[in-house]
Structure formats: C-alpha cells, structure tokens
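Read off the chains here:
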Amino acid sequence: VEASIPEPQREAWKKFAPKPFQTAEEFEREAIRHIETTLARSLYNCDEFATYAGTALAFRDRLIIDWNTTQQNHTFKDQKRVYYLSLEFLMGRTLDNAMLNVGLKNIAKEGLESLGFRMEDIVAQEHDAALGNGGLGRLAACFLDSLASLNYPAWGYGLRYRYGIFKQEIVDGYQVEVPDYWLDFNPWEFARHDIKVDVQFYGSVRKYQDDDGKSISVWEGGEIVQALAFDVPIPGYQTATTNNLRLWGSKAASGEFDFQKFNSGDYESSVADQQRAETISAVLYPNDNLERGKELRLKQQYFWCAASLYDIVRRFKKTHRSWTEFPNQVAIQLNDTHPTLAIPELIRILIDLEGLDWDQAWDITSKTFGYTNHTVLPEALEKWSVPLMQHLLPRHLQIIYDINLQFLQYVERTFPKDRDMLSRVSVIEESNPKMVRMAYIAVIGSHKVNGVAELHSDLIKTTIFKDFVAIFGPDKFTNVTNGITPRRWLHQANPRLSELIASKLGGYDFLKDLTMLHKLEAYVDDAAFRKEFQEIKYANKVRLAKLIKDSTGVSVNPASLFDIQVKRIHEYKRQQLNIFGCIHRYLQIKAMTPAARKKVMPRVHIFGGKAAPGYWMAKTVIHLINQVGKVINSDPDVGDLMKVIFLEDYNVSKAELIVPASDISEHISTAGTEASGTSNMKFVLNGGLIIGTCDGANIEITREIGEANIFLFGNLAEDVEDLRHAHLYGRYQLDPALATVFDAIKHGTFGDASSFSALVNGIVDHGDYYLVSDDFASYCKTQELIDEGYRNQEEWVTRAITSVARMGFFSSDRCIDEYAEMIWNVEPVVPE
Ligand code: GPU
C-alpha cells in the first residue's frame, strides 16, 4: 500500500495524530470546543440542541479515528470484502448507539451532567435517519451493526435521500404526510468531495467491429449525472472495527451547468438542469411491499448501482489482480431486487470497458452476486417496461436480452419437451408493453438466492421460483432466518433489562453472543429476579404511557395489559383484524352488567404505523382505528377497561420506547404472506409475549421458545388457497361475531359508515383475500386466552422470562455469520 506522505514528512503525523478522548473531562473539552468553534455558540446560548451537536461531533471525531484505522487495515490485509447494496437503511438515531458501541456512554453522561445537561434530553434531540420504509430497511441497519461488531470487512451502499420517509401526522383521524427534511444538521456523514462518479442515462448504442473482428458496443450520448459520495461511519460493538456506509447524492455533472444559458441571461433554466439532477436522490419512495414502475425510481436504481459498482471495481483494480480473481475479492449482496441492475452493469463494465468476452464476464458476475428475496406478494415483484428501459438504459436492455437468450438456450437443452417452461421463466414477460422481470435476472445472475425465514424460503421454492429450482437444482436456494441487533434492541432500548441480565450472567458478553441468554432459565424461579423483571416491564409501560399522554392526550393505566401492533399498515399484516377485534370486545363490554364488567381484564390497544400515501385502503384502516379510539376512549361505560390508541409517526426511535413496553404484541398476517417479520423478535427479547399466526419467523420463534409461550391462532399457509377459493365460489359464511362488528360500523357507531364501506365490502362481497373472516373466531378466542393468561401473573412472568432466555438464535450476528459462511465466503479481519 502506497502512502501519500513520504517517510521524512511523517514525523509530524506521528506527533500530531489526534488522540481519542478517554475521560469525562476530555470529552467535555472536545464537546465545548465543537460548540464554540464548529457551531459558533457560546455558554450564553448553548441549549440542549447545541449540546447534542457538540456531543455528536466529539463522538464523530472518535469514530473517524477508528474508521481511518479500520479502512487502512482492510486495505492492507486485502481480504475479500462484502458489499451490501440496499436502497433502504433505516438507521434511526446514531449518538446513543455510537456511545454504547465505543463503550463511553457513562463517561459522556458524567461529562454532560457536569455541563448541566441530562443524557436522555440530549439523546432525544437527534433526528432519526429514516432512509427506509420498514422491516427491509431496518434489517439492513441491523446487518451493518453486526458486520462491524463481528469485524467483517464490509461496506453498505445506498442513496442519500434528501427526504427520508415522510413524517406522519394524524389530523381529524386521517393520516397527513409531512416532508422529513432530515439533513438540516447531520453530523454523522462526511461529504467526500473527491469521490465523484459520472453516471450516464439515455443515449444510444453504437456497434462496430474492431480490427480483430470482435464486436464492440459503445453507449453514447444521453446525459450525465454526477454521484457524490457521503460516508457514514459504522462502529462495531466493543471493537475498533468501524465500517463504512457510502450513500450517493446526485448533482449535475460539472459540464452540465449551462454557462451559455447562464451568460445569455437564462439563469433559471441553467439552475433547472441542476435541480433535475438533484431530483434523483431527493426522495425515498414511500412504498412497502409494493412496486409502482415510476421512471424516477428506475433512475434512482441505476444511478446507485452504477456509482457503487464503479467504486467497487476501482477498489479492486488498485490491487492489480486478474479479473478471474474478482469473485475471490468481492461479494455483493442484493437486498431484494432493487439493485438487480448491478448485474447487467457489471457485465457492461467487464465487456464494454474492460474488453472481456461474454463467458468470462458472465462467470465472474454470477460468482459475485447473492440475492435476498423479501416477499412473495405479487404486487411487490419488480417489473420494468421494456420501452422505458430501452429509453433510459439502452445498453443494459441489450445485455438483459443476451442474459435471457443464453439462459433460455440452456433451459431448452435441459428441458427439451417443456415448451411452456420457456415462456414461464423468460426474463421478458410477453405482455403489452413487454416487461422485464427483475427477480428472474437476480436469480439467474446470482450464485445463491435466499429467503428470510424457513417458511418463506420454502415458499419461494414452491411458488415464485419453482421452475428455477428445477433448472438450477435446489442447492442454489437457501434460507437465512432474519435477526436483530441486541445492542440497539436490548441494551439501548431497555437498559434496565440489559443490566439485570448482565448482573446474572456475569457481564455483558451476551450482547456479543446472544445464545448465552439460555443461562437465564436458571433464574426463572428466583423471586428477586422475577420481581425486578416485572418492575422493569412496569417502568417501561409508565414510560410509554407518558408518550401516549403527550402525543394523544389520552391517559392510560400502566397496570392494564398493553397490546401493541406497530408496523407498516398493510392489508396482509391485518391491522383490520385487530381493530375489528377491538370493536368486538367493545360491544361485549357494552352488553355486560356492571358486575360482569368488573371481571374484564383492562387493556390498552396500541397501534402505530405509516400507510403508503397512495394506499387508500391502508389509510382507511388508520381512519377506522382513530374513529374507534375516539368513541371508546370517551365512553364512560368503558373507562379504563379499554383504550384504543393510534400513536402517530411510528419510527425507529419510537420503537425503542414502544417495544420494551408490551405485554402482548400482534404479528397476525395471513399465513404465507409475511416473509419473516423482525419486530416479533424484538418484542419477545424484551419480555413481551406475542399473538401470531403461523407465518414468517413466528414459526421459528415458537420452535425456540416453546408452544406454551406463544399465542398462535388462525389458518395455516397450506390452507390459504382453498379458503380463498371457497370465498370466490360462495362456499363460506361470514363469521357471525364479525357480522355484528360490521353492523355496528354500518350503524354509524364510529362515524360516517360510508367511509368504511370499501373495507367491509372487501370482506363481505369481494372474496376476503386476506381471510379476516376465516381467522376471526380463532383470533377472538385466543385474545380471551390471553386475558386469562395475564390474570395469572406468576405464570405470565415465567413464560416471559423463559422466552427471553430462548431468543439467542435471533441475533443478527448469527444471521451475518450464516451469510458469511454460506453465501459470501468472507472472513473477519482482526482489528489493529
Ligand atoms: N419487507 Br419486499 C419490507 O419491509 N419492505 C419490502 O418492500 C419488502 C419486504 C420486509 C418483509 O415484509 C418482512 O417480512 C421482513 O421481515 C423484512 O422485509 C426483512 O426481511
């Protein structure tokens, strides 16, 4: 490795190399220096925000020192690296996590106190980095934490959206979207003004033969947009390894600013070019599990893939290896199909720019990529129209046709008798217009394809990728069950529980090896431990009750059973089942005598989650929840027996408050629709039980913690198809209790009935695609079992503690080790 500073001049470097702070006093000095000089504030106008900013900058300096060392070390060791390509990284807040990971939170707390501030208030100043929609984006963030914590040489690549996921406000019971301008002050990124990549769009392809008769393709014309790198340091837990998340921002290429126009007085249109280029990275598409074929989205995808691959290839070329070594040095993981264009892009680089032939390029490419599928929902499977691709990426479309040709020829040779097979597996759907099936390119161009929970990985093999299993053999397909980082989702979100566990396990090693939790089972009958465990849960409920009071004005009693469903609003996730269940319970309470009411187990039903702005049915569900809450929360017959709360703007930092406060959380998707779910894992790890369907990771959670410790209900995935048929052919009866719920809605009990007619009719008249009616009775019955179960607090606590003790499998560390071994073939690098 060549250093840019020659040996004689390195003395100064050695002498003046910045030293990370170690003590509270040194931390204070750094924070004050930043407040005074970086932020130009003084002790006369230093509020909580300025103190947050000073603290963050002091920690950023620390992270950067470790980041520099790590990157040098990784370059020097020159091992295979992994690149995680994801359009979403739902990071949440950074400061608290950074302090915990570098092990200096207590020092900072002490320092802040001596400056006159409380840690909680300072941490709460930070804006969430919300560059994601839901589970897929949060999984990427957990993976970055595990990759660094396990010392893997890994980079994340994503887009630096100017606007992350919108802020949700509830106005008169309706969702209103407000832009999330999160970059006002973001101390965690470094603009790399020296790292720029020109990305081409549109234009045309010219083909010619070179002197040896070899056919050459040149992509010319069109427009250039520049990608600028912004680097975010990712510290591992208790290790010096600090990896890099590189986010690309778009701007007009330097030549694009039209000085002709500018000089001739047409300033506005010259600036318009600039703005048009910046539009590419302006906004995160707010759809979860849904694809909508917008040109700008395809531009985002290519912009990000092209910049990332240029960067990866440039780094590889610095090592002067032969191209055949590329897959030994580089593993690229595709987080869903969003980065699939990276496959034809790598082929284009290898053939058009580096002069390799097709077979070499294909061999290298398919050994480099792995593809993770996150859904079987048909509306989420990406397809792009051929005319759009022809227009925007003419060379890539040719390469995609070439991939398809080679692939179909192989299929034809292998299955000569199966003519239908060819049209079924073709990358091009013969519709009008023709469509490019991105998931098929991802499968064909990768060496491994994985699902995210066992059931899901089985389902992709028998449904969407069935033919590909026949073509490539079953070994290409595998499972890596999702996980969560215990650092953020236990230690940071629930410090008291983490401390209690540490007191029994002899320290915090379980945060690096979560399977150590099993030792907690020895304390399940320990009276003092049980009491402390219960007190922590209660304190977390008090903390959530305060959030509820502050944000909705409703007082809830922390002694009630807290029942929580927080996740994106989607028909398949069935928040409608939950709210219909609430109405059912309400009607029952209303019909009771005062004596009977005394026996009701008081519950707080808490909902949270965003609906995609264009997803009308999801917005209707939010409206219904709010209307039901309005009626129930002010009904004197009900009082504290029941409250229905919709918490607005559910995000990562709110999840950190909400998750530790549940008694029961709901994971009630129609069987076979939720690929995995990850909040189910977070809730159980924090001592809450779950009500759930036999879907996604619920099944594996059950296997780990035991059937006695989970409330499962509902039809199984294998029965879904038949049930749907029964609806369509009228061979079914609406559940009678659900019919009563619908009557109440139709009578206007919760406001204008017509607002909810589509929701009701979808079930009554239009096939009940998500089988709400089929699962309603078993759902309500199971809720009764939960009431009974909760009454017996002793047994409940036993179940909760036992479950926590058995959650070791669901660490994202286990998950990353599985990817590293089965898919990436990468090894950790010992930090310097
Ligand atoms: N997921 Br596809 C998303 O959050 N967004 C998406 O667009 C797609 C999938 C989720 C799955 O719904 C969830 O079940 C899974 O746990 C998560 O990805 C991570 O794999």
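The structure presented is a predicted model; accordingly, all values stated were derived computationally and were not measured.

**So, the overall build of the protein**
If you tally the helices and strands in the protein, you get 34 helices and 24 strands. For 832 residues, the compact-globule estimate of 2.2 N^0.38 gives 28 Å, and the protein sits close to it at 28 Å. On the principal axes, the C-alpha backbone points of the protein span a range of 95 × 75 × 60 Å. Considering the protein as a whole, with its 832 residues, one finds that 59% of them fall into the buried category. The long-range fraction of contacts in the protein, counting pairs at least 24 apart against all pairs at least 6 apart in sequence, stands at 76%. Working note: accessible area of the protein is about 33300 Å², and carbon and sulfur atoms make up 52% of it. If the 90 positive side-chain charges of the protein are averaged to one point and the 112 negative ones to another, these points end up 1 Å apart.

**Describing the nonpolar core**
Counting residues in each nonpolar core, the largest one holds 228 residues, and the members touching the most others are W248, F465 and F580. A per-element tally of this core places helix α10 (residues 295–317) first, with eleven residues. Counting residues in hydrophobic clusters, the runner-up holds 19 residues, among them A31, L63, L95 and M99.

**Let's talk about the packing of helix α23 (residues 575–591) against helix α30 (residues 736–746)**
Packing of α23 against α30 brings their axes to within 9 Å, and their N-to-C directions diverge by 85°. With respect to α30, the axis of α23 lies roughly perpendicular. The residues of α30 that touch α23, namely those facing F580, I583, H584 and L587, are A737, L738, T740, V741, F742, A744 and I745. Residue composition of the contact of α23 with α30, by class: nine nonpolar, two polar and no charged.

**Regarding the domain arrangement of the protein**
By domain assignment, the protein separates into domain 1 (18–77 + 95–125), domain 2 (78–93 + 128–481 + 820–824) and domain 3 (488–805). It is Q168, Y237 and L455 that lose the most area in domain 2 upon contact with domain 3, and together they represent 18% of the buried surface on that side. Counting across the domain 2 and domain 3 interface gives three salt bridges. Across the pair R703 and E454 runs a salt bridge, and its minimum N-O distance is 2.7 Å. Connecting domain 2 to domain 3 are 19 residue pairs in polar contact (both at pLDDT 80 or more). For the side of domain 2 that touches domain 3, the elements supplying multiple residues, two or more each, are β2 (89–92), α7 (135–149), β5 (167–171), β6 (174–178) and α18 (454–462). The leading source of residues in the side of domain 2 that touches domain 3 is α7, at five residues. Residue composition of the side of domain 2 that touches domain 3, by class: 16 nonpolar, 17 polar and ten charged.

**Thoughts on the site of the ligand**
Contacts to the ligand come from 16 residues, most closely from L136, H374, N482, E674 and G677. For the ligand, an oxygen atom lies 3.1 Å from a polar atom in the side chain of D288. A675 has a polar backbone atom sitting 3.3 Å from an oxygen atom of the ligand. Against a free-state accessible area of 450 Å², the protein chains account for coverage of 96% of the ligand. Grouping the constituent residues of the shell around the ligand by class yields five nonpolar, eight polar and three charged. Two domains each donate at least three residues to the shell around the ligand, and these are domain 2 (78–93 + 128–481 + 820–824) and domain 3 (488–805).

**Considering the side chain of S146**
Following the sequence through the fold, S146 ends up in helix α7. For S146, a relative accessible area of 0% gives the class buried. One polar contact links S146 to D813, side chain to side chain, over a distance of 2.6 Å. Not counting residues within four places of it along the chain, the set of residues in contact with S146 comprises R487, S812, D813 and I816.

**A short note on a negative patch on the surface**
A contiguous patch of negative charge, built from E718, D719, E721 and D722, is present on the exposed surface. Secondary-structure assignment places D722 in helix α29 (residues 717–728). Look at D722 and you get exposed, because its relative accessible area is 53%.

Analysis parameters
Residues numbered from 1 in each chain as written. Predicted model: local features only at pLDDT ≥ 70, side-chain atom pairs only at ≥ 80, totals over all residues. Heavy atoms only, no water. Helix = DSSP H or I, 4+ residues; strand = E, 2+ residues; numbered from the N terminus. Rg over C-alpha atoms; globule rule 2.2 N^0.38 Å. Buried < 20%, exposed > 50% of the residue type's maximum accessible area, 1.4 Å probe, protein only. Contact = heavy atoms within 4.5 Å. Areas by Shrake-Rupley, 256 points an atom, 1.4 Å probe, with all protein chains shown as cover. Lys, Arg positive; Asp, Glu negative; His and termini not counted. Charge placed at Lys NZ, Arg CZ, Asp CG, Glu CD. Core = buried A, V, L, I, M, F, W, Y, C linked by side-chain atoms within 4.5 Å. Axes fitted to C-alpha atoms, helices over the stretch in contact; angles between N-to-C directions. Parallel < 35°, antiparallel > 145°, perpendicular 65-115°, else oblique. Nonpolar A, V, L, I, M, F, W, Y, C, P; charged D, E, K, R; others polar. Domains from an automatic or database assignment. Buried area = accessible area lost by both parts, 1.4 Å probe. Salt bridge = Lys/Arg side-chain N within 4 Å of Asp/Glu carboxyl O. Polar contact = N/O pair within 3.5 Å; in protein donor to acceptor, adjacent residues only side chain to side chain. Near = heavy atom within 4 Å. Patch = residues over 30% accessible without salt bridge, like charges linked within 9 Å, V, L, I, M, F, W, Y side chains within 5 Å.

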